[in-house]
Amino acid sequence: MSPVLLVPLVVLIFSGLVIIHESGHFITAKLSGIKVEQFSVGFGPQLLGWQRFVVIVAGSAFNLALPVLIFFGVYLTVGAAEVRTPIEVSAVDAGTPARAAGLASGDVIRSVNGHPIAAFEDLRNSLDAARDTPVTVVVDRQGQPLTLTITPKLDQTTGSYILGFHPAIRTWKPGPIDSAGRAVRDTGDSIVGIVGGIYQLATNPRLGGLLGPRGLEGPVGIAKTTASAAQAGPLSLIGVIALLSLSLGLANILPFPALDGGRAAFLVLELVRGRPVDPAREQIVHYVGLALLFGLIGLVTYNDVLR
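Structural notes, computed from the coordinates.

Cut-off values and rules
- Residues numbered from 1 in each chain as written.
- Predicted model: local features only at pLDDT ≥ 70, side-chain atom pairs only at ≥ 80, totals over all residues.
- Heavy atoms only, no water.
- Axes fitted to C-alpha atoms, helices over the stretch in contact; angles between N-to-C directions.
- Helix = DSSP H or I, 4+ residues; strand = E, 2+ residues; numbered from the N terminus.
- Left-handed = near helix turned anticlockwise from the far one by under 90°.
- Contact = heavy atoms within 4.5 Å.
- Nonpolar A, V, L, I, M, F, W, Y, C, P; charged D, E, K, R; others polar.
- Buried < 20%, exposed > 50% of the residue type's maximum accessible area, 1.4 Å probe, protein only.
- Pairing = 2+ DSSP bridges.

Turning our eyes to something else, we now look at the packing of helix H5 (residues 176–203) against helix H7 (residues 234–252). Orientation of H5 relative to H7, taken along the N-to-C sense of each, is 65°, at an axis distance of 10 Å. Taken as a pair, H5 and H7 cross one another with a handedness that is right-handed. Between H5 and H7, the contacting residues are Thr-187, Ser-190, Ile-191 and Ile-194 on the first element and Leu-243, Leu-246, Ser-247 and Leu-250 on the second. Residue classes in the contact of H5 with H7 are distributed as five nonpolar, three polar and no charged.

Below, the structure is given as structure tokens:
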């Protein structure tokens, strides 16, 4: 896709996600009978001066709900896909441990180091536990058991250990009820994945930390990821939009000054104390938080450029 089209597309996606977030504030404020004098996108004037807990968290709620609608629509129109179980090898990548060990298309993986493999998560967990040490993989090849010794390698993109093959995929079109359930479950899994990924970045030295090569992305990194997804195709782009919406919702609900979660935290504090917090002091806290956020964005953006 031409950069002439990519740049407006990325700007449109970012703007759309922010508008959805602010619409959550706006709609819930109107439904609550709160007078709204301004509707602002970005770091403009404050959206609402009548602080209410439900109005504050509604922005993040809208961002968290958007992926459910996206996944639901994809399931109904395009269909669903999942790794077929038991895990069957569809293709083996060249230059990988799997190819070197003799793993072949059509092999069915039964166990790794004696642990039965019933789902793809079982395989991932077994390989991560083994790390760089050789593992014993038992497969069925044309109905006959075969034992292979394979040394997993670290996938620099995901931080997980892999063998280097593609599993067979099962595709089908679920009905509306099944689609809705899968959409909610996928959104929940994505949230767990985002939170777990950040935790791994912060605690796993192998991944280089939050500001490392695979760490947090700023505006430049996010724009690059979105552009790459757009070039990969509509489904890839839709998936990135869903993850961006989730990330925006989760980030804004954090109890940090200047964010929606920080403002909600002041309301909880007000409820506990039984009296309002001094507005002037609260505003100072939010200003400090905003300055720290801008500093973090600048640092992450600098790392984006270095990458």
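A separate point is the side chain of Ser-160. As for its position among the elements, Ser-160 is in the loop between strand E7 (153–154) and strand E8 (161–162). Judged by its relative accessible area of 17%, Ser-160 falls in the buried class. With near-sequence residues (within four places) excluded, Ser-160 lies in contact with Arg-124, Asp-128, Lys-153, Leu-154 and Asp-155.

Let's shift gears to the pairing of strand E6 (residues 144–150). Within a regular strand, the side chains alternate between the two sheet faces. One ladder, built from seven bridges, connects strand E5 (residues 135–141) with E6; its direction is antiparallel. Along E6, the bridge assignment pairs Thr-136 with Thr-149. Connecting E5 to the antiparallel partner E6 that follows it, the hairpin turn spans two residues, and Gln-142 within it adopts a positive phi of roughly 55°.

Moving on, we get to the sheet that holds E5. The antiparallel open sheet is built from four strands, whose spatial order is E4-E3-E5-E6. Of all the strands in the sheet, the pair left with one neighbour each is strand E4 (115–116) and E6. By the bridge criterion, two bridges tie strand E3 (residues 108–112) to E4 in an arrangement that is antiparallel. From the neighbouring strand, Ser-111 faces E4, where its bridge partner is Pro-116. Contacts from helix H4 (residues 120–130) reach E3, E4 and E5, with the element oriented near 45° to E3.

This next bit is on the environment of Lys-224. Checked against the element boundaries, Lys-224 lands in helix H6 (residues 219–232). When the C-alpha atoms of Lys-224 and Gly-261 are compared, they prove to be 28 Å apart, with 37 residues separating the residues in sequence.

Without other data, these values stay purely geometric and don't point to any function.
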